[in-house]
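One-letter residues, chain by chain:
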Amino acid sequence: MKRILEVRGLSKIHGHGCPRCIDSTGPEVDSNICPHCGAVVAAHDISFDLHEGEILGIMGESGSGKSTLVKTLFFDETPTVGEVLFFDGERQWDLFALNAAEQRWLRNHRFGMVYQNPHLGLNFKVSAGGNIAERLLMSDLSHYGEIRERARQLLARTEVLPERMDESPKQFSGGMQQRVQIAKALATQPPLLFLDEVTTGLDLSVQARILDLILEIQQELGTAMIVVTHDLGVIRLLTGRTIVMKYGRVIESGLTDQILEDPQHAYTQRLVASAL
Amino acid sequence: MPTPILEIDGLSKQFTLHDQGQCIPSCEQVALEVYRGELTALVGPTGAGKSSVLKAIYRTYLPSSGRILYRDAEDRITDLAQASEHRILELRRREIGFVTQFLHCLPRKSALEVVAEPLLRRGGNREAAAEQASELLSLLNVPERLWQVSPATFSGGEKQRVNLARGLIARPRLLLLDEPTASLDPATTDRVVELLQAIKGEGVAMLAIFHHPQLVERLAEQVVTLQPPRPTPAMLEAHTS
């Protein structure tokens, strides 16, 4: 399997920061706020590889920096320091050396994101179908009939009734809104998809259907995914490898079954032991 | 002299439990070899670390020390104790299968889907995979009325056969078996023995833990006996204080 993403030394500090920020934060001191300058070290020195068609889990509690990490990769946030290479067929992109237009192009064509909060991923002022059309318009499709047909197919694939494609997502249940977000993210058939706590807060039965859908899509399209979650069940079901984060640092990484059955770090052992 | 497909040397595994302040030894200085078309049986009392050896080979457990040399289909040698996670995943997908003691499956996946899954993960065709899965299930005496039902509701013996079918369907080069017949009746056990003999004939190498000495006798070319690890000084100290 080929590499699709290479993340090297990625860090994100909110605030000006001071020379002591790194030494004064992290899991050992149980904080990501620098006591000297008040800056928040959201993520520090994160490195990993992702291969084509692979699902990588990023697990941690709130404040561990896991969302910051994917938001940075999707250009929602700018990193303080670090390098990320994206390999797309013959092309290689150095993500943070690109200009804004190039970053926007990648975001619209080659990446997809599904947020925990549907308001971040969907435009509630337009219909469900319109949301998908927005993304299709940014790619090469411009014929009205074709766009509508493609939107209908995508919604059908994610189990949203096509009859409801002209309604605003506002009127949809939480689970349906996530399905529309997934359909929208998949519209351009991106090779890389980011999923940020996509089933958090949904009913268990709805969660299960959405996770099954994500797995089916991964098998059908071979999409590589980074799944951010605090839920061990989601990790177990979806991912092959897992990174465990705490206070902005990677404290452990490995094969998912190994992380769950033979966790090495004290924090991971406690996390796994507290599973329901 | 044939070359082994798997060669283990000095393998030990301890669990360090941080919150309990304990170090639990699980297996110690294990050495063994497995050859193509042969079965190596792991025997020893409970607590000798037999399952731990299988899990260490599959990397569900991270080995503490020792070498686990695996010779792949291209004749390259990989130390499974050191190999990258991606390499392990690739070998799991293509070459190394594991029939665990208990089947973990989702209550919403049918037996047929559970069995067919390893083929699909290799990129196999859905219908062909389903067909092979049904063949194996009938070969293992799993009644057809159960095929569309989730194994979550099955009896221990039925679950075990589903698990075995799932492990065999992709014809791994190396198959790890953890008590694959523990809850089977004698007739079904005979079926399993025949099946394992047959895939041995195809050249599959096996490392297995069996409940019954009789099965070891019927199936194994080599037998490796494990002894429970001696308690570590730290453990003794904790015990006396």
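Predicted, not measured: the structure shown is a model, and the values here were computed from it. (Residues numbered from 1 in each chain as written. Chains lettered and ligands numbered in written order. Predicted model: local features only at pLDDT ≥ 70, side-chain atom pairs only at ≥ 80, totals over all residues.)

### A short note on the overall build of chain B
Moving on, step 1. For chain B, the helix and strand inventory stands at eight helices and nine strands.
Moving on, step 2. For a compact globule of 241 residues, the expected C-alpha radius of gyration is about 18 Å, and chain B comes in at 19 Å, within 12% of that figure.
Moving on, step 3. With respect to the three principal axes, the spread of C-alpha positions in chain B is 60 × 40 × 35 Å.
Moving on, step 4. Across the 241 residues that make up chain B, the buried fraction comes to 39%. (Helix = DSSP H or I, 4+ residues; strand = E, 2+ residues; numbered from the N terminus. Rg over C-alpha atoms; globule rule 2.2 N^0.38 Å. Buried ≥ 20, exposed ≤ 12 C-beta atoms within 10 Å, placed from the backbone.)

### Concerning helix 10 (residues 266-273) of chain A
All names here are of chain A.
Moving on, step 1. All of the buried residues along helix 10 are Y267, T268 and L271. When helix 10 is viewed along its axis, its buried side chains cluster within an angular range of 95° and face the same direction. Residues R270 and A273 are exposed on helix 10 and point more than 90 degrees away from its buried face.
Moving on, step 2. Tucked inside the fold, the buried residues of helix 10 contact strand 9 (241-246), strand 10 (249-255) and helix 9 (256-261). (Arc of directions from axis to C-beta. Contact = placed C-beta atoms within 7 Å.)

### Some details on the sheet that holds strand 8 (residues 205-209) of chain B
Residues and elements named next belong to chain B.
Moving on, step 1. Read from one edge to the other, the open sheet built from five strands follows the order 6-7-8-3-9, with strand pairing classed as parallel. One side of each edge strand has no neighbouring strand; the edge strands of this open sheet are strand 6 (96-99) and strand 9 (222-225). In this sheet, neighbouring strand axes are inclined to one another by 15° on average, regardless of whether the strands run parallel or antiparallel.
Moving on, step 2. Judged from the four bridges that link them, strand 3 (residues 39-43) and strand 8 form a sheet pairing that is parallel. Bridging from a neighbouring strand, T40 pairs with L207 of strand 8.
Moving on, step 3. The strands that helix 1 (residues 50-58) touches are strand 3, strand 6, strand 7 (174-178) and strand 8; relative to strand 7, the one it contacts most, it runs at about 150°. (Pairing = 2+ DSSP bridges. Axes fitted to C-alpha atoms, helices over the stretch in contact; angles between N-to-C directions.)

### Considerations on the sheet that holds strand 10 of chain A
All names here are of chain A.
Moving on, step 1. Spatially, the six strands line up as an open sheet ordered 6-7-8-3-9-10, and their pairing is mixed. Edge positions in the sheet fall to strand 6 (111-114) and strand 10, since each has one partner strand and no second. Neighbour-to-neighbour, the strand axes of this sheet turn through a mean angle of 15°, independent of strand direction.
Moving on, step 2. In the sheet, strand 6 pairs with strand 7 (residues 192-196) via four bridges, with the strands oriented parallel. Residue pairing across strands places G112 opposite L193, the latter belonging to strand 7.

### Considering helix 3 (residues 111-121) of chain B
All names here are of chain B.
Moving on, step 1. Within helix 3, eight of the 11 residues are buried, which leaves it mostly tucked inside the rest of the structure.
Moving on, step 2. Within helix 3, burial applies to A111, L112, E113, V114, V115, A116, P118 and L119.
Moving on, step 3. Those residues of helix 3 that are buried are in contact with helix 4 (126-139) and helix 5 (156-168).
Moving on, step 4. Just beyond helix 3, the residue with positive phi is G123, at close to 90°.

### Here we look at the pairing of strand 2 (residues 22-34) of chain B
All names here are of chain B.
Moving on, step 1. The pairing of strand 1 (residues 6-17) with strand 2 spans nine bridges and is classified as antiparallel. Bridged to L11 within strand 2 is V30.
Moving on, step 2. In this antiparallel pair of consecutive strands, strand 1 and strand 2, the connection spans four residues, and G21 shows a positive phi of 60°.

### Digging into the domain arrangement of chain A
Often the size quoted for an interface is simply the accessible area lost on bringing the parts together.
All names here are of chain A.
Moving on, step 1. Partitioning chain A into structural domains gives domain 1 (1-110 + 193-204 + 213-276) and domain 2 (122-189).
Moving on, step 2. Centre-to-centre, using C-alpha coordinates, domain 1 lies 27 Å away from domain 2.
Moving on, step 3. The partner domain 2 presents 13 residues to the nine residues of domain 1 that form the contact.
Moving on, step 4. At the level of elements, helix 2 (100-109) and helix 7 (204-221) are the ones that each hand at least two residues to the side of domain 1 that touches domain 2.
Moving on, step 5. Take the side of domain 1 that touches domain 2: its biggest share by element is three residues, from helix 7. (Domains from an automatic or database assignment.)

### Some details on the packing of helix 3 of chain B against helix 4 of chain B
Helix-helix packing: each pair is described by the crossing angle between the helix axes and the interaxial distance.
Residue and element names in this part refer to chain B.
Moving on, step 1. Closest axis-to-axis distance for the helix 3/helix 4 pair is 8 Å, and the angle between their directions is 120°. Classified by the angle their axes make, helix 3 and helix 4 are oblique. Read as a crossing pair, helix 3 and helix 4 show a hand that is right-handed. For the pair formed by helix 3 and helix 4, the contact residues are A111, L112, V115, A116, L119 and L120 on the first element and R126, A129, A130, Q132, A133, S134, L136 and L137 on the second. (Parallel < 35°, antiparallel > 145°, perpendicular 65-115°, else oblique. Left-handed = near helix turned anticlockwise from the far one by under 90°.)

### Structural notes on the interface of chain A and chain B
Moving on, step 1. Taken together, the 16 residues of chain A in the interface contact 14 residues of chain B.
Moving on, step 2. For the side of chain A that touches chain B, the elements supplying multiple residues, two or more each, are helix 7, strand 10, helix 9 and helix 10 of chain A.
Moving on, step 3. Within the side of chain A that touches chain B, the residues separate by chemical class into four nonpolar, seven polar and five charged. (Nonpolar A, V, L, I, M, F, W, Y, C, P; charged D, E, K, R; others polar.)

### Re the environment of D94 of chain A
Moving on, step 1. One can find D94 of chain A in strand 5 (residues 91-94).
Moving on, step 2. Remark: the alpha-carbon pair of D94 of chain A and D23 of chain A, spanning 71 residues in sequence, is separated by 29 Å.

### Description of the environment of A185 of chain A
Moving on, step 1. Within the secondary structure, A185 of chain A is located in helix 6 (residues 174-186).
Moving on, step 2. With 42 residues separating them along the chain, A185 of chain A and V227 of chain A place their C-alpha atoms 14 Å apart.

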